[in-house]
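Here is what each chain is made of, one letter per residue.
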Amino acid sequence: MAPDAMRTAAHSLSDARPLSYWLDDPGKPGALPALTGDERCDLLVVGGGYSGLWTALLAKERDPGRDVVLVEGHEVGWAASGRNGGFCAASLTHGLANGLERWPEEIGELEELGGRNLDAIEAAVARYSIDCDFERTGEIDVATEPHQLDELREWHRRTQELGFSGVEFLDRDQVRAQVDSPTFLGGLWDRRGVAMLHPAKLAWGLKRACLSLGVRIFEHTRALELARSGAGMAVRTPYGRVFARDVALGTNIFPSLVKRVRPYTVPVYDYALMTEPLNVEQLASIGWGNRQGLGDSANQFHYFRISSDNRILWGGYDAIYPYGGRLDSTLDQRPETFLKLAGQFFECFPQLSGVRFSHAWGGAIDTCSRFSAFFGTAFRGRVAYAAGYTGLGVGATRFGADVMLDLLSGEETGRTALGMVRSKPMPFPPEPFAWTGIELTKRSLARADSHGGHRNLWLRAMDRMGLGFDS
């Protein structure tokens, strides 16, 4: 970055608050009391993010008489559910391309299930009056390099041949008529497959919906240990225990209470900036009247969207894996990444020179080697888990909740028969091999971005093995 550009980027960050914009909201509900003593229930849900909240809500919708308890180690929506970009995608497979590569025989069914899942989220937002700025405006994948434009054009042709409609190819003028950046060369607009929303408000709204149906929620209650107890399960917490017939684990990036699941995920720290509200002239300079989400097509990609109060969220690019896979709250703030992101923002939107950032934050994503969620049971079917959403859990966690409830019921359903549900990703190797492999992959992806998309021998080997690391 040139010295002048670096000074501009640094100045734009000088007043940024070091926390998620979404969580810095006066409407944030107060925390519920921690669990003390012993509780008994039919279903215990561990985790107060989207995964756990959807599981508790759907469990009560399926059987209103079921006694459901949810425990959360901090506060509902505090982790990834309150720090993401607010892209709620229909895809259950981290995009059609990833799904087609891994489950070609059932991709049509997976796409249909994903569309129905997004419809169900939209319906639940309306049914429970969840005020989360839900806008089904779609998403545009933009090309900023010539090879990316060729790849988007070829992918659009292939999806049309396979019968997947609903995605529109935009040339340079068409994409810039939607959102104006001199870096945009073209794009693919998925008009219905993605909704924009306020992620923390969705979590808080799901919390209220759960409470309205009788779910008992305990916050600041870490689940410490899982063990058999008679015909059911017992979970120990700092001040008590929960005895439950069944347990659903929605802990995602946090260490699973089923230890054999832990090697399947690693934490990857992702970062985002939020601008101050744009004024009328600034908004006019970029257009963006249809309020779609956007993402560029590089391996080290950015995602960006406009909020209900006309701020721009700008995130992505760096993906930081801590050696040993240990969660570290100090990584939530990374000034060198924020400076890089700010400089890249002004490269994309030079007409917004002078805009300042109000918030800068990071958080951990639960990444697995196939990018999309995996599922399973333990303790002879009394415990179910879902994890590995790799950044696209805003929508897919609802589907994962249904899968966990299906698995706990012991009955085979259309969901549990899916190859995606019955299979597992490749686990990550122990250290130092995990860190070495991830770093080599990251450097190879960066090199591919700067060399016309050419994938080196390492990336081609990873492709053949069905492995990856998402930036």
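Our subject in this report is the structure included herewith. (Residues numbered from 1 in each chain as written. Predicted model: local features only at pLDDT ≥ 70, side-chain atom pairs only at ≥ 80, totals over all residues. Heavy atoms only, no water.)

## Overview of the overall build of the protein chain
Inclusion rule: The helix and strand labels rest on DSSP assignments: H or I over at least four residues marks a helix, E over at least two residues marks a strand, and numbering proceeds from the N terminus. For a compact globule the rule gives 2.2 Å times the number of residues to the power 0.38, and the radius of gyration it is set against comes from C-alpha atoms. Burial status follows relative accessibility: with a 1.4 Å probe on protein chains alone, a residue under 20% of its type maximum counts as buried, one over 50% as exposed, and anything between as partly exposed. Here, residues are in contact when the closest pair of their heavy atoms is within 4.5 Å. Areas reported here follow the Shrake-Rupley algorithm with a probe of radius 1.4 Å; residue values treat only the protein chains shown as occluding. Lys and Arg are tallied as positive, Asp and Glu as negative. Neither His nor the chain termini are counted. By convention, the point assigned to a charge is CZ for Arg, NZ for Lys, CD for Glu and CG for Asp.
Counting secondary structure elements, the protein chain contains 13 helices and 18 strands. For a compact globule of 471 residues, the expected C-alpha radius of gyration is about 23 Å, and the protein chain comes in at 22 Å, within 12% of that figure. Across the 471 residues in the protein chain, those meeting the buried criterion constitute 55%. Pairs at least 24 apart in sequence give 76% of the contacts found in the protein chain among residues at least 6 apart. Accessible area of the protein chain: about 19500 Å², with a carbon and sulfur share of 52%. Between the mean site of the 51 positive side-chain charges and the mean site of the 58 negative ones, the protein chain shows a separation of 6 Å.

## What to know about the nonpolar core
We count it as follows: The definition of a nonpolar core used throughout is a set of buried Ala, Val, Leu, Ile, Met, Phe, Trp, Tyr and Cys residues joined through side-chain atoms within 4.5 Å.
Leu43, Trp54, Phe134, Leu202, Leu206 and Phe375 are the most contacted members of the largest nonpolar core, which has 51 residues in total. Each residue touching tryptophan 54, except ones within four places of it in the same chain, is listed here: Ile121, Ala124, Leu206, Val394, Thr397, Arg398 and Ala401. One finds Ile253, Tyr271, Ile306 and Leu331 within the second-largest nonpolar core, a separate group that totals 36 residues.

## Comments concerning the pattern of salt bridges
If the charged atoms of two oppositely charged side chains come close together, the side chains can form a pair. Our working definition: Any Lys or Arg side-chain nitrogen located within 4 Å of an Asp or Glu carboxyl oxygen qualifies as a salt bridge.
By the definition in use, this model includes 33 salt bridges. For the salt bridge of arginine 216 with aspartate 67, the shortest nitrogen-to-oxygen distance reads 2.8 Å. One end of the pair, arginine 216, is in strand β8 (residues 216-218); the other, aspartate 67, is in the loop between α2 (50-62) and β2 (68-71), and 149 residues separate them in sequence. Taking relative accessible area as the criterion, arginine 216 reaches 26% and is therefore assigned partly exposed. On the basis of relative accessible area, aspartate 67 is assigned to the partly exposed category, the value being 26%. A salt bridge links glutamate 219 to lysine 207; the nearest nitrogen and oxygen atoms lie 2.8 Å apart. Here glutamate 219 is found in the loop between β8 and β9 (225-229), whereas its partner lysine 207 is found in helix α7 (residues 199-212), with 12 residues between them in sequence. Salt bridges linked by common partners bring Arg62, Arg398, Asp402, Asp406 and Arg415 together as one network.

## Some details on the packing of α2 against α7
What counts, and what does not: Here an axis means a line fitted to C-alpha atoms, over the contact stretch when the element is a helix, while the angle between two N-to-C directions is reported on a 0 to 180 degree scale. An angle below 35 degrees is treated as roughly parallel, one above 145 as roughly antiparallel, one from 65 to 115 as roughly perpendicular, and anything else as oblique. Rotating anticlockwise by less than a right angle from the far helix to the near helix defines a left-handed crossing, while the corresponding clockwise rotation defines a right-handed one.
One way to put it is that α2 packs onto α7 with a least axis distance of 9 Å and a crossing angle of 30°. Classified by the angle their axes make, α2 and α7 are roughly parallel. As α2 packs across α7, the resulting crossing turns out to be left-handed. Contacts between α2 and α7 pair Tyr50, Leu53, Trp54, Ala56 and Leu57 from the former with Pro199, Ala200, Leu202, Ala203, Leu206, Lys207, Ala209 and Cys210 from the latter.

## Quick notes on helix α9 (residues 335-348)
Because each turn of an α-helix spans 3.6 residues, side chains separated by three or four positions in sequence point in the same direction. Heads up, the condition is: One fewer than the residue count of a helix, multiplied by 1.5 Å, yields its expected span.
The end-to-end C-alpha distance of α9 is 20 Å, a good match for the 20 Å that 14 residues give at a rise of 1.5 Å each. Within α9 the residues assigned to the buried category are Thr337, Phe338, Leu341, Ala342, Gly343, Gln344, Phe345, Phe346 and Cys348. Here the buried face of α9 lies against α1 (3-12), β12 (266-275), β14 (302-306), β15 (312-316) and β16 (357-367).

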